[in-house]
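# Reading the structure
Spelled out, the chains give:
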Amino acid sequence: MKDPAPSAASPRYTLDQLCALAGLPRRTVRYYIQIGLLDRPTGETRAAHYGPGHLSQLLEIRKWTLAGLSLERIRELLLGAAPPVAARPQRPGSLRVQSHLVVADGIEIVLDPERAGLSPAQVRAFLEGALALHRTLHEHED
């Protein structure tokens, strides 16, 4: 997708070498080429070789698959789509405000409005919906 033309000094890898460097099986790499996620090798059959751009693509694909992204989403990212915003890790001593929404005795919803992207009005609407659902469940019980 974005493999630059290799220069004479660029390393060249066989399929086995590329797989070893990327930590992926041959079958997976061939599949990525087949579906167009990874650029085709330079050359044909036994003379085919891969360059640093191929390795870079594979490492990027591997990173995103380990993060749980679909191959279609990875394709979008490789084509320049904006990456997902990772949640900030909580550090010792950091302060985090959470809302504890009590629906009934024994039913409590813990909500982090900032991380959930909810306004105070949306939090209230969420609670009202949860309360209504609880009432509905108990009405059908009788």
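So, here is what we can say about the structure in this document. (Residues numbered from 1 in each chain as written. Predicted model: local features only at pLDDT ≥ 70, side-chain atom pairs only at ≥ 80, totals over all residues. Heavy atoms only, no water.)

Here we come to the packing of aromatic side chains. According to the stated counting rule, one finds 1 aromatic pair in the structure shown. Ring centres of Tyr 31 and Tyr 32 lie 6.5 Å apart, and the angle between their planes is 50°; this geometry places the pair in the tilted category. Look at Tyr 31 and you get partly exposed, because its relative accessible area is 40%. (Phe/Tyr/Trp six-rings, centres within 6.5 Å; stacked < 30°, edge-to-face > 60°. Buried < 20%, exposed > 50% of the residue type's maximum accessible area, 1.4 Å probe, protein only.)

Counting 20 residues, the largest nonpolar core has Leu 18, Val 29, Tyr 32, Leu 58 and Ile 74 as the members making the most contacts within it. Elements represented by at least two residues in this core include exactly α1 (15-22), α2 (26-34), α3 (52-66) and α4 (71-78). With residues up to four places along the chain from it excluded, the contact list for Leu 18 reads Tyr 13, Val 29, Tyr 50, His 54, Leu 55 and Leu 58. (Core = buried A, V, L, I, M, F, W, Y, C linked by side-chain atoms within 4.5 Å. Helix = DSSP H or I, 4+ residues; strand = E, 2+ residues; numbered from the N terminus. Contact = heavy atoms within 4.5 Å.)

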